[in-house]
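Fold and geometry: a report
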Amino acid sequence: MMVSPVVVQVKKLTGLQKQILGLYRGFLRVARTKAPEERRKMESIVSTEFRHNAKAVDKKSFLYIEYLLRRGTKQLDQLKSPDVSSLSSIPAPPPP
């Protein structure tokens, strides 16, 4: 009996998508360095924010997506400091 190979097509990610995914992973990595109760709260906030923006932001609004990426990178850099122990969610201004 011969088994036919299954072909799965994987869609290649754009550079911007890779940056966003890297930022998301970075937040999760930093969350692992914080206290357990803060870790769960951070993971929840990060997941909620990324899911919200994935649905709410137009995929062709590159300037706004790049703005969110820069904003997230700054937040991540601040969270990497051992002096920072928690994360809060401040909504970004709506896209123009």
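The name an unreviewed UniProt entry assigns to the protein is Complex 1 LYR protein domain-containing protein, from the organism Kingdonia uniflora. Regarding the protein, the relevant UniProt record gives this comment under Subcellular location (unreviewed entry): "Mitochondrion matrix". Heading Sequence similarities (unreviewed entry) of the UniProt record for the protein holds this comment: "Belongs to the complex I LYR family. SDHAF1 subfamily."

1. Re the packing of helix H1 (residues 15–31) against helix H2 (residues 36–56)
In the contact formed by H1 and H2, the axes pass within 9 Å of each other and the chain directions differ by 165°. By the angle class used here, H1 and H2 are roughly antiparallel. H1 and H2 meet at a crossing whose hand is right-handed. When H1 is examined against H2, the residues Ile 20, Leu 23, Tyr 24, Phe 27, Leu 28 and Ala 31 are found in contact with a partner set consisting of Arg 39, Met 42, Glu 43, Val 46, Ser 47 and Phe 50. Of the residues in the contact of H1 with H2, the class split is nine nonpolar, one polar and two charged.

2. Topic: helix H3 (residues 62–79)
Since the α-helix advances by 3.6 residues per turn, residues separated by three or four positions end up pointing in the same direction. With 18 residues, H3 should cover 26 Å at 1.5 Å per step; its first-to-last C-alpha distance of 25 Å lies within 8% of that length. Restricting attention to buried positions, one finds in H3 the residues Tyr 64, Ile 65, Leu 68, Leu 69, Arg 71, Gly 72, Leu 76 and Leu 79. The buried residues of H3 all sit within an arc of 170° when viewed along its axis, so they share a single face. Facing away from the buried side of H3 by over 90 degrees, the exposed positions are Leu 63, Lys 74 and Gln 78. Tucked into the core, H3 has its buried residues touching H1 and H2.

3. Regarding a nonpolar patch on the surface
On the surface, Val 6, Val 8 and Val 10 cluster together into a nonpolar patch covering about 360 Å² of accessible area. Within the element layout of this structure, Val 10 appears in the segment before H1.

What counts and how
- Residues numbered from 1 in each chain as written.
- Predicted model: local features only at pLDDT ≥ 70, side-chain atom pairs only at ≥ 80, totals over all residues.
- Heavy atoms only, no water.
- UniProt positions renumbered as here; feature names shortened; annotations may be inferred.
- Axes fitted to C-alpha atoms, helices over the stretch in contact; angles between N-to-C directions.
- Helix = DSSP H or I, 4+ residues; strand = E, 2+ residues; numbered from the N terminus.
- Parallel < 35°, antiparallel > 145°, perpendicular 65-115°, else oblique.
- Left-handed = near helix turned anticlockwise from the far one by under 90°.
- Contact = heavy atoms within 4.5 Å.
- Nonpolar A, V, L, I, M, F, W, Y, C, P; charged D, E, K, R; others polar.
- Expected span 1.5 Å × (residues − 1).
- Buried < 20%, exposed > 50% of the residue type's maximum accessible area, 1.4 Å probe, protein only.
- Arc of directions from axis to C-beta.
- Patch = residues over 30% accessible without salt bridge, like charges linked within 9 Å, V, L, I, M, F, W, Y side chains within 5 Å.
- Areas by Shrake-Rupley, 256 points an atom, 1.4 Å probe, with all protein chains shown as cover.
- Salt bridge = Lys/Arg side-chain N within 4 Å of Asp/Glu carboxyl O.

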